[in-house]
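Here is how the chains run, residue by residue.
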Amino acid sequence: MNILFRRIDPSADVARRSAVSRFLHHAGLALEPDCETIIVAEAQGAIVGCGAIAGEVLKCIAVAPGLHGQGLSLRLLTELVTLAFEKGRSELFLFTKPENIALFSGAGFWPLAEAGERAVLMENSRERLGRYCRQLTLYRQPGKKIGAIVMNANPFTLGHQWLIKQAVEQCDWLHLFVVKEDASFFRYQDRWALIQQGITGIPRVTLHPGSRYLISRATFPGYFLKDKGVVDDCHSQIDLTLFRQYLAPSLGITHRFVGSEPFCPLTRAYNQRMKAVLSSPTLSGPAIEVVELERIGQDGAAISASRVRKLYSQRDWPAIAALVPSSTLAFLMRLAAQVGETA
């Protein structure tokens, strides 16, 4: 069978995007909105396979049932990897069902973490995660109680600052990780800078750059999982398993600190899942104690980044000033001025 491969820009080619979406729907999958480029395999003008790239993640890979076992999946993967390399992306990941591990292993991908029989994370290197963990060991600090916080800080607030100070008081050392994906309202580089400024003067803290092995819920693909609750659970399981089995042992982390979550049900569920996964006897790696601290409040309500974002949209600077460090306030005011100039 003569098969042609085409590259589609889903934002420009609406008709082909719709055709791909229908093809994936028949395969029990969904086309996710962050797909930048789709590769379509066609035979006699009909779609017989497809795959997409979103950042460094390969996703939405499907082959017509009649062509299973004929090597089309590997050809699609080769086309996707070639596309990724052309975009300068050599470190690639994919999420799929565990039943597909053997298939993708044949294309040079290795499993890192699984969520039961529902999802597995794979990457195109068997050494990269190990190298990253060896780099982390360079920042290991002595002490019996080593803490960690994983923070998005969208943006950095007095609540974040308070959580860090409380954790430092309870630990010999604190490792602070920043979620890297640019899926937040504020860019990663801005969030990093605000955290860096906000922890000035706080002792015994190491600020770590974002890592691909700290997986954002916003970028976790759920195209092969039908239920939103299952997607969230699989994201939690894979993200926390990576932290428990690889990142934490590299730094000797014994405790992970989180703030209580009065607003977002998803974050609240993630915190509960964290307690279960990080203490589970079924996972390798030392158990990690989760310490949940009550958020501080202002004017009878907990300080939250979502509250600050809402006030920012209203340009309510006096209200914002009560919720954020001066460095965050200055950044928000500069940003508002820049937006106003370009509006």
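Throughout this description, residue numbers start from 1 for each chain and increase along the sequence as written. Selection of residues for local features in this predicted model requires a pLDDT of at least 70, selection of side-chain atom pairs for listing and counting requires 80 or more, and totals for whole chains, interfaces and linings are taken over all residues. Side-chain metrics in this entry use all non-hydrogen atoms of the structure; hydrogen atoms and water are not considered.

Within an unreviewed UniProt entry, the label attached to the protein chain reads [Citrate [pro-3S]-lyase] ligase, and the organism entered is Pseudenterobacter timonensis. UniProt positions are given in the numbering used here, feature names are shortened, and annotations may be inferred rather than shown by experiment. Among the UniProt annotations of the protein chain, the heading Catalytic activity (unreviewed entry) holds the following wording: "holo-[citrate lyase ACP] + acetate + ATP = acetyl-[citrate lyase ACP] + AMP + diphosphate".

**Points about helix α5 (residues 158–170)**
The helix count covers DSSP runs of H or I at least four residues long, the strand count covers runs of E at least two residues long, and both are numbered beginning at the N terminus. To estimate how far a helix should extend, the number of its residues minus one is multiplied by 1.5 Å. In a regular helix each residue adds 1.5 Å, so 13 residues correspond to 18 Å; α5 covers 19 Å between its end C-alpha atoms and thus fits that length. Listing the buried residues of α5 in full gives Gly159, His160, Gln161, Leu163, Ile164, Ala167 and Val168. For every residue, the accessible area obtained with a 1.4 Å probe (protein chains only) is divided by the maximum for its type, and the residue is called buried under 20%, exposed over 50%, and partly exposed between those limits.

**Remarks on unusual backbone geometry**
Cis geometry is adopted by the peptide bond preceding Pro155, which originates at Asn154 and carries an omega value of 10 degrees. Topologically, Pro155 is positioned in the loop between β8 (146–151) and α5. Backbone geometry places Cys60, a non-glycine residue, at a positive phi of 55 degrees. Relative to the helices and strands, Cys60 is located in strand β4 (residues 57–63). Residue classification places Cys60 among the buried residues on the basis of a relative accessible area of 1%. The residue Ala153 is not glycine, and still its phi comes out positive at about 55 degrees. Note on placement: Ala153 falls in the loop between β8 and α5.

**Topic: the packing of helix α7 (residues 228–251) against helix α8 (residues 265–279)**
Between N-to-C directions, angles cover 0 to 180 degrees, with each direction set by a line fitted to C-alpha atoms, over the stretch in contact for helices. For the pair α7 and α8, interaxial distance at closest approach is 9 Å and the crossing angle is 45 degrees. As judged from the angle between their axes, α7 and α8 are oblique. For α7 against α8, the interelement crossing comes out right-handed. On the side of α7, the interface is formed by Lys228, Asp232, Asp233, His235, Ser236, Gln237, Asp239, Leu240, Thr241, Phe243 and Arg244, while α8 contributes Leu266, Tyr270, Arg273, Met274, Val277, Leu278 and Ser279. Residues are grouped as follows: Ala, Val, Leu, Ile, Met, Phe, Trp, Tyr, Cys and Pro are nonpolar; Asp, Glu, Lys and Arg are charged; all remaining types, including Gly, are polar. For the contact of α7 with α8, the per-class residue count stands at seven nonpolar, five polar and six charged. Orientation labels follow simple angle bins: below 35 degrees gives roughly parallel, above 145 gives roughly antiparallel, 65 to 115 gives roughly perpendicular, and whatever is left gives oblique. By the definition used in this description, the sense in which the near helix is turned from the far one sets the handedness, with an anticlockwise turn below a right angle giving left-handed and a clockwise turn giving right-handed. In this analysis, two residues are considered to be in contact whenever any of their non-hydrogen atoms come within 4.5 Å of each other.

**A short note on the UniProt feature "domain: N-acetyltransferase" (unreviewed entry) in the protein chain**
Sites flagged by UniProt as "domain: N-acetyltransferase" (unreviewed entry) map to residues 1–127. For the annotated span residues 1–127, helix accounts for 26% and strand for 34% of the residues, and the straight-line distance between the end C-alpha atoms is 37 Å.

**A few points about the sheet that holds strand β3 (residues 46–54)**
One requirement defines pairing of two strands: DSSP has to find at least two bridges between them. Taking strand neighbours across the sheet as the criterion, the seven strands line up as β1-β2-β3-β4-β5-β7-β6 in an open arrangement whose pairing is mixed. Each edge of the open sheet carries a strand with a single partner, namely β1 (4–8) and β6 (110–115). When strand polarity is set aside, the average angle formed by the axes of neighbouring strands in this sheet is 25 degrees. Bridge count for strand β2 (residues 37–43) against β3 is seven bridges, and the pairing is antiparallel. Paired with Val40 across the bridge in β3 is Cys50.

**Looking at the sheet that holds strand β9 (residues 173–178)**
Where strands meet in a sheet, backbone hydrogen bonds hold them as pairs that are either parallel or antiparallel. Spatial ordering of the open sheet is given by β10-β9-β8-β11-β12, a layout of five strands whose pairing is parallel. Since the sheet does not close on itself, it has two edges, and those belong to β10 (205–208) and β12 (289–293), each with one partner. Averaged over all adjacent pairs, the angle separating strand axes in this sheet is 25 degrees, with direction ignored. Direction of pairing for strand β11 (residues 255–259) relative to β12: parallel, over a ladder of five bridges. What sits directly across from Gly259, in β12, is Leu293.

**A look at the nonpolar core**
We call a set of buried Ala, Val, Leu, Ile, Met, Phe, Trp, Tyr and Cys residues a nonpolar core when their side-chain atoms join them within 4.5 Å. Within the largest apolar cluster, 77 residues are counted, with the highest numbers of intra-cluster contacts made by Leu58, Phe177, Ile238, Leu242, Phe243 and Ile253. Considering every element that reaches this core, the biggest residue donor is α7, with nine residues. Counting 34 residues, the second-largest nonpolar core is a separate cluster that includes Met151, Val178, Ile195 and Leu332.

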